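Summary of structural features
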Amino acid sequence: MSKVAANDLSVFRPGLLNGQVALITGGGTGIGLGISELLAELGAHVVIASRRPANHEAAVEAIRARGHAASSVALDVRDQAAVQSVVQNVATTHGRIDLLVNNAAGNFYAPSATLSPNAWKAVVEIDLYGTFYCSQAVHSVMKAQGGGRIVSTSMTLHYRGWPLMAHATAAKAGVDALTRTLAVEWAPDRIRVNAIAPGPIPTEGVRKAFAPPADSGAPDLFAAAEEKMAEYARTGIPLGRWGTPRDIANMVAFLASPAGDWITGAIFVVDGGEWLAKAPS
Ligand code: HXC
């Protein structure tokens, strides 16, 4: 195994994204925060759009404290009118939007047989509708400025089927389809549309997806299985470790850079080889 923790070092040239404006949904926590931090480090002005001000305000403060440019706005990506308004405001304030990262997601494990209509709707609306609403809203801005890039967060769990995740797997399969369709449809407008399918990255969001409802009295399997999970990372993930937000952020930065000029409609699996090796459980 390599002794260099390349994951923690930026391989990108300082100032690579100078002058770019990047809108990142769910960019205040977890993978989204890792993306916001790296894009800002590389010179982009990042606008974090997320539901909870406590999350995005803290993220903006931390990014600014390191001397980088960031701002934030409250947004629920399920609200199409709000999405339109936020995108127009960002475009007016900054004069452009170079990159949209559709990172906002909501998932939890629940049996399909008893999933309520509202539970199904909550996840599909965040993961799939939200991705479409945000992509559609930036289209006219990006077309008018001569191009832009959209990167959406997918997953690998729908490649084989994943018990207790009917809502999320259906939504992310839709995100994959949307990525390919928009890539072809909007290529004449020079808008590159790609997706990243992260492997397991133990952020607080994933912990929440595993956690039982607060009043259920059921054990928190994620916390209870901490040791087994460490063993799984060593043996079940071919590259021998969990992913980190920076692993995903690196791919976003690559796609936002000139290296991504001829890439559209691609779905990049960034998972240490996990889905190829793993049987569904
Ligand atoms: C069953 C649940 C549930 C659970 C919520 N619901 N959590 N059902 N099991 N654990 C049901 C509720 O009962 C309700 O249905 C409906 O879903 C809406 O719930 P609300 O809490 O009212 O909705 P809302 O406040 O909008 O919350 C959205 C959410 C929530 C998706 C439900 O979990 C959320 O906001 N999560 C954001 C953070 C997150 O999940 N990140 C995960 C990212 S990690 P009823 O019928 O009662 O009204 C990731 C990778 C996961 O994406 C991969 C794992 C390997």
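Anything mentioned here points back to the structure above.
Presented here is a report on the structure given in the accompanying data block. (Residues numbered from 1 in each chain as written. Predicted model: local features only at pLDDT ≥ 70, side-chain atom pairs only at ≥ 80, totals over all residues. Heavy atoms only, no water.)

Looking at the overall build of the chain
Secondary structure assignment for the chain yields 10 helices and 7 strands. In terms of C-alpha radius of gyration, the chain reaches 18 Å, essentially the compact-globule figure of 19 Å for 281 residues. Judged by the C-alpha coordinates and their principal axes, the chain covers about 50 × 50 × 35 Å. Burial statistics for the chain: of 281 residues in total, 47% are counted as buried. In the structure as shown, the chain presents an accessible area of about 13400 Å², 58% of it carried by carbon and sulfur atoms. (Helix = DSSP H or I, 4+ residues; strand = E, 2+ residues; numbered from the N terminus. Rg over C-alpha atoms; globule rule 2.2 N^0.38 Å. Buried < 20%, exposed > 50% of the residue type's maximum accessible area, 1.4 Å probe, protein only. Areas by Shrake-Rupley, 256 points an atom, 1.4 Å probe, with all protein chains shown as cover.)

Topic: the pattern of salt bridges
Once their charged atoms are close, side chains differing in charge can pair, the charge on each being opposite to the other. Overall, the coordinates contain 7 salt bridges when judged by the stated rule. Among the ionic pairs, Glu 37 bridges to Arg 66, the shortest N-O distance being 3.4 Å. Of this pair, Glu 37 sits in helix α1 (residues 30-41) while Arg 66 sits in the loop between α2 (53-65) and β3 (70-74), and the two are 29 residues apart along the sequence. You can call Glu 37 partly exposed: its relative accessible area is 23%. One salt bridge in this structure joins Arg 149 and Asp 261, with 2.4 Å as the shortest N-O distance. Here the residue Arg 149 occupies a position in strand β5 (residues 148-153), and Asp 261 occupies one in the loop between α9 (245-256) and β7 (267-270), the gap between them amounting to 112 residues. (Salt bridge = Lys/Arg side-chain N within 4 Å of Asp/Glu carboxyl O.)

A look at the packing of aromatic side chains
Within the structure shown, the criterion is met by 3 aromatic pairs. Centre to centre, the rings of Tyr 129 and Tyr 133 are 6.1 Å apart; their planes meet at 80°, and the pair counts as edge-to-face. In this pair, Tyr 129 and Tyr 133 both sit in helix α4 (residues 117-145), 4 residues apart, roughly one turn of the helix. Aromatic pair Tyr 159 and Trp 275: ring centres 4.8 Å apart, planes at 75°, arrangement edge-to-face. Of the two residues, Tyr 159 is situated in the loop between β5 and α5 (166-186) and Trp 275 in helix α10 (residues 274-277); the sequence distance between them amounts to 116 residues. (Phe/Tyr/Trp six-rings, centres within 6.5 Å; stacked < 30°, edge-to-face > 60°.)

With respect to the pairing of strand β4 (residues 99-102)
Of the two faces of β4, the one lined by Leu 99 and Val 101 and the one lined by Leu 100 and Asn 102 are each fully buried. Pairing geometry for strand β1 (residues 21-25) and β4, over 3 bridges, is parallel. Each bridged residue has a counterpart across the sheet, and for Leu 23 the counterpart in β4 is Leu 100. Pairing geometry for β4 and β5, over 4 bridges, is parallel. (Pairing = 2+ DSSP bridges.)

Observations concerning the side chain of Thr 169
Secondary-structure assignment places Thr 169 in helix α5. Take Thr 169: its relative accessible area is 11%, and that puts it in the buried class. From its side chain, Thr 169 meets the backbone oxygen of Met 165 in a polar contact 2.6 Å long. Those residues within four positions of Thr 169 in sequence are excluded, and the remaining contacts are Met 155, Leu 157, His 158 and Trp 162. (Polar contact = N/O pair within 3.5 Å; in protein donor to acceptor, adjacent residues only side chain to side chain. Contact = heavy atoms within 4.5 Å.)

Considering the site of the ligand
Near the ligand lie 16 residues; those nearest to it are Arg 51, Arg 78, Asn 107, Ser 116 and Asn 118. The separation between an oxygen atom of the ligand and a polar side-chain atom of Asn 107 is 2.2 Å. Bound to the protein, the ligand loses 61% of the 1100 Å² it would expose on its own. Contributing elements (two or more residues each) for the shell around the ligand: α4 and α6 (204-210). By residue number, the principal contributor to the shell around the ligand is α4, which donates 4 residues. (Near = heavy atom within 4 Å.)

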